[in-house]
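# Inside the fold
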Amino acid sequence: MMQEELNGIKIKVTPPGPEAKKIIELNDKYLARSTQSLPVVGKLGKGVYVEDVDGNVYLDFASGISVTNLGHLDPYVTQKVEEQLHKLWHFPGTDFYTEMQVLAAKSLIEVTPGKFNKKVFFTNSGTESVEAAIKIAKSYTHRERFIGFIGAFHGRTQGSLSFTASKPIHHKGFFPSMPGVEHVPFPNPYRNPFNIDGYEEPDELVNRVIDYIETYLLKTYVPPEDVAGILAEPIQGEGGYIVPPMNFFKELRKLADKYHIPLLIDEVQSGFGRTGKFFASEHFGVEPDVITLAKSIASGIPMGAAVMKEEMNFSENGLHSNTFGGNLIASAACVATIDEMKKLNAVENAAKQGAYMKKRLVELQNKYNEIGDVRGLGLMLAIDFVKDRRTKEPNSKLRNDVINNAFKNGLILLSTGSSAIRIIPPLIITQEQVDEGIEVLDKAIKMSK
Ligand SMILES: Cc1ncc(COP(=O)(O)O)c(C=O)c1O
């Protein structure tokens, strides 16, 4: 099948089909175990669709874990990557110099929040961006302790893992990771951490979290002058797509400023237009001191970055470096991705189709008692399955069944948290494609109840 023909769901054989099964068997023979969640074997991609090795065509509501924000094989990004492939692939941007790396850094500086001067450190993944942010904060402040949030996900290497607090499996057998990270509750409005007798006002929830940090940490056992940074996701990703009350980050910023603690914001998942603004931080009116990026910044060519306020720049050569950071293919893809996002109004489309998608999801919530919550911003949306709307007890079995039944009917979905499904299609999705996905989701819920 030609990629151009990928223009609608087509299930020829119940997946995983015979060819997929063969590859999955070989995969299990040769590859280390990882997070495998769906038996889908991708072969071709175009826009919001992916074809598997048996000729089934799926609508992709996972975007490669929020990576292919421009859809698969965006023609302009593909052209720019192809051009670079014929010039120079790798010329280490940390030791030497390339124009493409400079252009990529300039493009990132222009789109990230804050009109102040910034510097970019390029990495190859989200976890490596967080590792860079940890080092930036430590070397700038000459301090060693940090504050992170329960429910957070920042990666799986030893430094970022020390902040990750969304599932025990991430830590199982790996203790100790980097010492010095204290975790505090995140203001989760749906299952709020201080919930004793029901609903609390968002303002009160925020006040309680801020007060907790100040009273029980900074004034009790974590001297603020030892704290190198507070690290947070604007919207918790792997932890369940948790959107905090809109004033949370302004209050967190006030607290951080009061004690001269840098604010490190992880936009690896929420960034690059996903939420209907270029960065989720913009919804909350906060300008990070360091912002960590990866996933979609080069449309699927591995790339990450830590963008910091200029004064936080490393003070000496050699304090931090790597081999592949700013790789030319990735840099070309990053510049092209940002240009293409602007040309296609991808961020505006995420806001528009996100609002429509949310409306359609709320319709499903009105139809099925099992959907306890619909949440998110732009096209960073989630539906949460519960056993009982009153107790909000998570229903992970139903959630998993819905994902499997949706897959069998041509819709690729990913889970998040204990009982939610994330809805994160490419930002270029049309209203017809939203409807196509909702139809399958509706059918999958009906089949799974
Ligand atoms: C917010 C956030 N930070 C960091 C990471 C780690 O990124 P990577 O898997 O590229 O290491 C992720 C991955 O899902 C993430 O969602």
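What you see is a predicted model, and the numbers here were worked out from it, not measured in a lab.

What follows concerns the nonpolar core. Membership of the largest hydrophobic core comes to 70 residues, with the highest contact counts inside it found for L108, M357, L361, L413, I423 and L441. It is helix α9 (residues 328–343) that provides the largest number of residues to this core, a total of eight residues.

Tracing the sequence through the fold places P179 in the loop between α6 (158–161) and β6 (181–184). Its relative accessible area of 65% is what places P179 among the exposed residues. Put simply, P179 and E144 are 35 residues apart on the chain and 8.8 Å apart in space, counted from C-alpha to C-alpha.

Another aspect to go through is the site of the ligand. The environment of the ligand is formed by S125, G126, T127, F153, H154, G155, E233, E238, D266, V268, Q269 and K295. Contact distances for the ligand include 2.8 Å between an oxygen atom and a backbone N or O atom of T127. Note that an oxygen atom of the ligand is positioned 3.1 Å from one of the side-chain N or O atoms of K295. Notes on the ligand: free accessible area 390 Å², of which the protein chains cover 82%.

Here helix α5 (residues 126–141) spans 23 Å end to end across 16 residues, near enough to the 22 Å set by a 1.5 Å rise per residue. Within α5 the residues assigned to the buried category are G126, T127, S129, V130, A132, A133, I134, I136, A137 and T141. In this structure S125 caps α5, since a side-chain oxygen of it lies 3.3 Å from the backbone nitrogen of E128. Looking one or two places after α5, you find H142, whose phi comes out positive at around 55°.

Looking at the element boundaries, I438 is found in helix α12 (residues 431–448). In this structure I438 comes out as buried when scored by relative accessible area, which is 1%. Sequence separation of I438 and K295 is 143 residues, and the distance between their C-alpha atoms is 25 Å. Those residues in contact with I438 that sit more than four places away from it in its chain are M357, R360, L361 and L364.

The final tally for this structure, using the stated rule, is 13 aromatic pairs. Measuring from ring centre to ring centre gives 5.6 Å for F149 and F186, while their planes differ by 85°; the resulting arrangement is edge-to-face. Taken together, the residues span a long stretch of sequence, with F149 in strand β5 (residues 145–149) and F186 in the loop between β6 and α7 (202–218) at a distance of 37 residues. F186 shares its class with F149; the two are buried. Above the face of the F116 ring, K118 is positioned so that its terminal group lies 5.7 Å from the ring centre.

Per the stated rule, a full pass over the model turns up one cavity of 30 Å³ or more. Along the walls of the largest cavity sit T112, P113, F116, K118, P288, D289, I291, V307, M308 and K309, which together make up its complete lining. Counting residues per element, the lining of the largest cavity draws most heavily on strand β10 (residues 304–309), at three residues. Of the residues in the lining of the largest cavity, the class split is six nonpolar, one polar and three charged.

As a further point, take the sheet that holds β5. Judged by pairing direction, the sheet is mixed, and its seven strands sit side by side in the order β4-β10-β9-β8-β7-β5-β6 without closing on themselves. The open sheet has two edge strands, β4 (118–123) and β6, and neither has a second partner. Between one strand axis and the next, the sheet turns by 20° as a mean value, whatever way the strands run. Alignment of strand β9 (residues 290–293) against β10, held across four bridges, turns out to be antiparallel. Counted as the bridge partner of L293 is A305 from β10. Along the sheet, α5 makes contact with β4, β5, β7 (227–232), β8 (263–266), β9 and β10, crossing β10 at roughly 25°.

To continue, consider the sheet that holds strand β11 (residues 371–377). The strands that make up a sheet pair up through hydrogen bonds in the backbone, lying either parallel or antiparallel. In space, the four strands of this open sheet follow the order β11-β12-β15-β14, with antiparallel pairing throughout. Looking along the sheet, the strands with just one partner apiece sit at the ends: β11 and β14 (414–416). Across the sheet, the axes of successive neighbouring strands diverge by a mean angle of 30°, strand direction being ignored. Taken together, the six bridges between β11 and strand β12 (residues 380–385) define a ladder with antiparallel strand orientation. Looking at β12, one finds that V374 is bridged to I383.

Let us now look at the pattern of salt bridges. Counted by the stated rule, this structure contains 24 salt bridges. With its nearest N and O atoms 3.0 Å apart, the salt bridge here joins R253 to D289. Here D289 lies in the loop between β8 and β9 and R253 lies in helix α8 (residues 248–258), a separation of 36 residues in the sequence. D289 sits in the buried class, given a relative accessible area of 7%. Among the charged side chains, a network of salt bridges with common partners joins R191, D373, R375 and D384.

What follows is about unusual backbone geometry. In this model, P15 is joined to P16 through a cis peptide bond whose omega is -5°. Examined against the element boundaries, P16 turns out to sit in the segment before α1 (18–30). Of the consecutive residues F175 and P176, the connecting peptide bond is found in the cis state with omega at 0°. By the secondary structure assignment, P176 is in the loop between α6 and β6. Phi at H142 is positive, roughly 55°, even though this residue is not glycine. Secondary-structure assignment places H142 in the loop between α5 and β5. The phi angle at N345 is positive, at roughly 50°, despite the residue not being glycine. In this fold, N345 is placed in the loop between α9 and α10 (346–367). Judged by its relative accessible area of 42%, N345 is partly exposed.

Rules and cut-offs
Residues numbered from 1 in each chain as written. Predicted model: local features only at pLDDT ≥ 70, side-chain atom pairs only at ≥ 80, totals over all residues. Heavy atoms only, no water. Core = buried A, V, L, I, M, F, W, Y, C linked by side-chain atoms within 4.5 Å. Buried < 20%, exposed > 50% of the residue type's maximum accessible area, 1.4 Å probe, protein only. Helix = DSSP H or I, 4+ residues; strand = E, 2+ residues; numbered from the N terminus. Near = heavy atom within 4 Å. Polar contact = N/O pair within 3.5 Å; in protein donor to acceptor, adjacent residues only side chain to side chain. Areas by Shrake-Rupley, 256 points an atom, 1.4 Å probe, with all protein chains shown as cover. Expected span 1.5 Å × (residues − 1). Contact = heavy atoms within 4.5 Å. Phe/Tyr/Trp six-rings, centres within 6.5 Å; stacked < 30°, edge-to-face > 60°. Lys NZ or Arg CZ within 6 Å of the ring centre and 35° of its normal. 1 Å grid on protein atoms, 1.4 Å probe; cavity = no way out; pocket = protein on both sides within 12 Å on 5 of 7 lines; lining within 4 Å. Points joined across faces, edges and corners; volume = space filled by probe spheres on them. Nonpolar A, V, L, I, M, F, W, Y, C, P; charged D, E, K, R; others polar. Pairing = 2+ DSSP bridges. Axes fitted to C-alpha atoms, helices over the stretch in contact; angles between N-to-C directions. Salt bridge = Lys/Arg side-chain N within 4 Å of Asp/Glu carboxyl O.

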